[in-house]
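# Commentary on secondary and tertiary structure
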Amino acid sequence: MPIGQTSSALNLQNLNSGTISNPTRSIQNVIVHPVVLFNILDHYLRRKDSQERVIGTLLGTRTETEIEVHNCFAVLHSETTEQVAVDQDYHRTVYDLHHKVHPKEIIVGWYSTGSNLNTYSALIQYFYSQETAPHPAVHITLNTGTEEGGEPGVKAFLSSPVGVYPKPENCVFVPIPCELRFNNSERGGLDILTKSLSSTSPSITNALSDIEVLERSVQMVSEMLDRVLSYVRSVIAGEIKGDPAIGRYLLETFAMSTEGLDQGSFARSLQDTLMISYLANLIRSQAEVSTRLQLVTS
Amino acid sequence: MATSMAATIAASMPISQAPAAAAQTTYETIPPSMSKVIDIEAEIPITTVQLDALVVSKIVKHGSEVQNASPALGLLIGIDFDGTLEISNSFPLPNVSDDDEKSNKSLARYQASMLRALKEVQADDAIVGFYQSNSLGAFFKQSLLELQAIHQEKIRQGGIVIVHDVIQASHGNPSFHAFRLTKTFLQAFRAGKFNTQGLVEHNLTFSSIVEEIPVRIRTNPLAGAFLSTLTTPAPISSSSLSSSSHVTKSSSGTLPPAFSSLDLDARSLTANLSSVLDALDDYKTEEGNLAYLQRQIAREKLKAEQHIQRRREENALRVSQGLAPLPEDDVSRLFKIPPEPSRLESTLLLGQIDAYSKSLAHGASVNLVRTYSANGGNSACA
């Protein structure tokens, strides 16, 4: 990746428009996947005593208006009152390693813990903007909530140079919306992790069977139905004033009945399912018999 | 490909014996309360596997990214402590497509430098096993078993393999299972004997190849605290993550409940069914191969016997004529009796069939409940 010539003109353009290739569009949203959060938190746990905060590189993909952060890795750095240093060799090496596995993920920016943005942040941001040039680098701060008064959360920033003569150590961090997104499997992963929060023991045994998950879903649906029912009843009885928005929403929801599932197709799908179940068990016993027969010699 | 890749991975394993010995000499005073749980000689057998939240999310991510053709494969990093194997980190391995020396070398190099990089940021750097994604629970593959067999020899405590089901995960219920090869399989593997005799000797069926170890999932307190703030509704501020709209709107304050398990679509069952059929086809082919080889062996044996028979008659004739008899032991040179084919592949295929049909039966029963509940809702509406 070539390091872009940083002239003031280029910076000015960066300020107004996100990228040079698409001068009309700018980054409007940053999407973070759960694995990034866990990675940062793990890195924070493993920091040295002397380290105030930890930093690392964010990897992901970018579209014209969005940056999606898929992955990240920790980077060594040191901060003293006089200077800040980022281990660039380390950064390069680990990025190359990651690139081998996920060739689509490119450097999109960097993270740090704590919500303190200072001159050093600007310097590090300058370094990462060179890495991501000509695209802007995104900076994500994750407040772990361990410090007094800090609200745990994630914030995302883009940077713009400031001053008559742009200097690396001067920049404005512009906040941009940041969102947690997960696909179906990541969602399930989060589910089993959040389950451990509600249970009292610090660790949980994994693997609910599908049927248990289904049971919980059905229970949840029936609870929701009960809630709706009691609400509707109290509205009818005149105890509370009905909210037309809710009413319309309910009407819409219940209009979507399962009409396709009338008596005939119900029986058909039941038969199919039973057939499959029968087949599966038959195959299993056949396989079992077959493997036992292998052990029998003539 | 698998053998040599496994070998390369194993070759770059750090030798665990040396640091253990060093530890013994440097830290002589282990507090008595700890002496029971610290085992330098790796004597306490592993009874549980503990997965960190980071590893869970990493494996899920890697698994959801790869295509079905090549499973996601990665190494697990951690430490064993008082019978619990604590896995604190993992990293994916690149997909090596072709099996040449160069790619294997680069794989080993990749692994070594990754471990070094992890060590530099104070992460654990001891390999304790590997993970692999699969679909529908069918993880019996020769490559997996070979890699694990090598691990079990090389790594302290033998190492484990974590198996993650991609299909199940995409339905919103990810599962992780930890496995270790059984002793009997290892013996047979070491001897390299998977012919009928070997199978009988070790009493090997597909169900006795691996043993499962219970898995626990642990969220460290920091991640737990962070997660719980994520899932509690926060006062709205424009750029903070916790206020992303769909989280705050849920009334219960947790992540919005997912109802993907209520999906009536039976497509997954169909896919499962066809994978069962594919596995059955594979098995049939393998069976055909075995039968062909058996017939060939029988034919060769017959030929050799006939040859010996003829030679004997000839010799008898020569002796009666007063000539020196021809040697009888050149049979092995003339006729190459092929060795008895390995039955490992067919056993593994049976294991796959079993796993597929197990998940099929499971899916069918779930579907049954689903159909009834939908019908119940339907009749209640009407």
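Residues numbered from 1 in each chain as written. Chains lettered and ligands numbered in written order. Predicted model: local features only at pLDDT ≥ 70, side-chain atom pairs only at ≥ 80, totals over all residues. Heavy atoms only, no water.

The name that an unreviewed UniProt entry assigns to chain B is Eukaryotic translation initiation factor 3 subunit H, with the source organism given as Sanghuangporus baumii. Under the Sequence similarities (unreviewed entry) heading, UniProt states for chain B: "Belongs to the eIF-3 subunit H family." Regarding chain B, the UniProt comment filed under Subunit (unreviewed entry) reads as follows: "Component of the eukaryotic translation initiation factor 3 (eIF-3) complex." (UniProt positions renumbered as here; feature names shortened; annotations may be inferred.)

By the naming in an unreviewed UniProt entry, chain A goes by Eukaryotic translation initiation factor 3 subunit F and is assigned to Sanghuangporus baumii. Listed under Sequence similarities (unreviewed entry) in UniProt, the entry text for chain A is "Belongs to the eIF-3 subunit F family." Among the UniProt annotations of chain A, the heading Subcellular location (unreviewed entry) holds the following wording: "Cytoplasm".

A few words now on empty space enclosed by the protein. Scanning the model with the defined rule gives four cavities of 30 Å³ or more in all. In this structure, the largest cavity spans a volume of roughly 330 Å³. Lining the largest cavity we find 27 residues, and of these Asn-39, Cys-72 and Phe-73 of chain A together with Lys-58 and Leu-118 of chain B sit closest to its centre. Of the residues that constitute the lining of the largest cavity, the class distribution is 15 nonpolar, eight polar and four charged. (1 Å grid on protein atoms, 1.4 Å probe; cavity = no way out; pocket = protein on both sides within 12 Å on 5 of 7 lines; lining within 4 Å. Points joined across faces, edges and corners; volume = space filled by probe spheres on them. Nonpolar A, V, L, I, M, F, W, Y, C, P; charged D, E, K, R; others polar.)

Here Thr-291 of chain A shows up in helix α8 (residues 263–294). Of the residues examined, Thr-291 of chain A reaches a relative accessible area of 0% and is grouped as buried. Residues within four places of Thr-291 of chain A in sequence aside, it is in contact with Thr-205, Phe-206, Thr-347 and Leu-350 of chain B. (Helix = DSSP H or I, 4+ residues; strand = E, 2+ residues; numbered from the N terminus. Buried < 20%, exposed > 50% of the residue type's maximum accessible area, 1.4 Å probe, protein only. Contact = heavy atoms within 4.5 Å.)

Evaluated as defined, the whole model comprises seven salt bridges over all chains. With a shortest N-O distance of 3.2 Å, Asp-42 of chain A and Arg-46 of chain A are connected by a salt bridge. Between Lys-303 of chain B and Glu-300 of chain B there is a salt bridge; the shortest N-O distance is 3.8 Å. Remark: Glu-300 of chain B and Lys-303 of chain B occur in helix α12 (residues 267–321); sequence separation between them is three residues, near one turn of the helix. A relative accessible area of 17% means that Glu-300 of chain B is categorised as buried. (Salt bridge = Lys/Arg side-chain N within 4 Å of Asp/Glu carboxyl O.)

As a further point, take the packing of helix α6 (residues 210–236) of chain A against helix α7 (residues 244–255) of chain A. Residues and elements named next belong to chain A. α7 packs onto α6 with a crossing angle of 130 degrees between their chain directions and a minimal axis gap of 12 Å. Considering the angle they form, α6 stands oblique to α7. Crossing handedness for the pair α6 and α7: left-handed. Residues Leu-225, Val-228, Tyr-231 and Val-232 of α6 lie in contact with α7, whose contacting residues are Ile-246, Leu-250 and Phe-254. Tallied by class, residues from the contact of α6 with α7 come to seven nonpolar, no polar and no charged. (Axes fitted to C-alpha atoms, helices over the stretch in contact; angles between N-to-C directions. Parallel < 35°, antiparallel > 145°, perpendicular 65-115°, else oblique. Left-handed = near helix turned anticlockwise from the far one by under 90°.)

Side chains of nonpolar character tend, in soluble globular proteins, to be buried together. Residue and element names in this part refer to chain B. By size, the foremost hydrophobic cluster in this structure holds 73 residues, and its most contacted members are Ile-87 and Ile-162. Beyond its immediate sequence surroundings of up to four residues, Ile-87 is in contact with Val-49, Gln-50, Leu-51, Asp-52, Val-55, Leu-76, Ile-77, Gly-78, Val-128, Ile-160 and Ile-162. Residues Phe-91, Phe-139, Leu-147 and Phe-179 belong to the second largest nonpolar core, which totals 37 residues. (Core = buried A, V, L, I, M, F, W, Y, C linked by side-chain atoms within 4.5 Å.)

Residue and element names in this part refer to chain B. Of all eight residues making up strand β4 (residues 127–134), eight are buried, and the element is well covered by its neighbours. The sheet contact formed by β4 and strand β5 (residues 160–165) spans six bridges and is parallel. Bridge assignment links Tyr-131 to a residue of β5, and that residue is Ile-162. (Pairing = 2+ DSSP bridges.)

Before going further, it helps to examine the side chain of His-164 of chain B. All names here are of chain B. For His-164, the location among the structural elements is in strand β5. Look at His-164 and you get buried, because its relative accessible area is 1%. For His-164, the residues in contact, after removing those within four places along its chain, are Ile-59, Val-60, Gln-132, Ser-133, Asn-134, Ala-169, Pro-174, Ser-175 and Phe-176.

Residues and elements named next belong to chain A. The eight strands lie next to each other as β9-β8-β7-β6-β2-β3-β1-β10, forming an open sheet whose pairing is mixed. Looking at strand neighbours, the two that pair on one side only are β9 (171–176) and β10 (178–180), the edges of this open sheet. Taken over all neighbouring pairs, the strand axes of this sheet differ in orientation by 35 degrees on average, direction set aside. Along the sheet, helix α3 (residues 88–101) makes contact with β2 (55–62), β3 (66–75) and β6 (106–113), crossing β3 at roughly 120 degrees.

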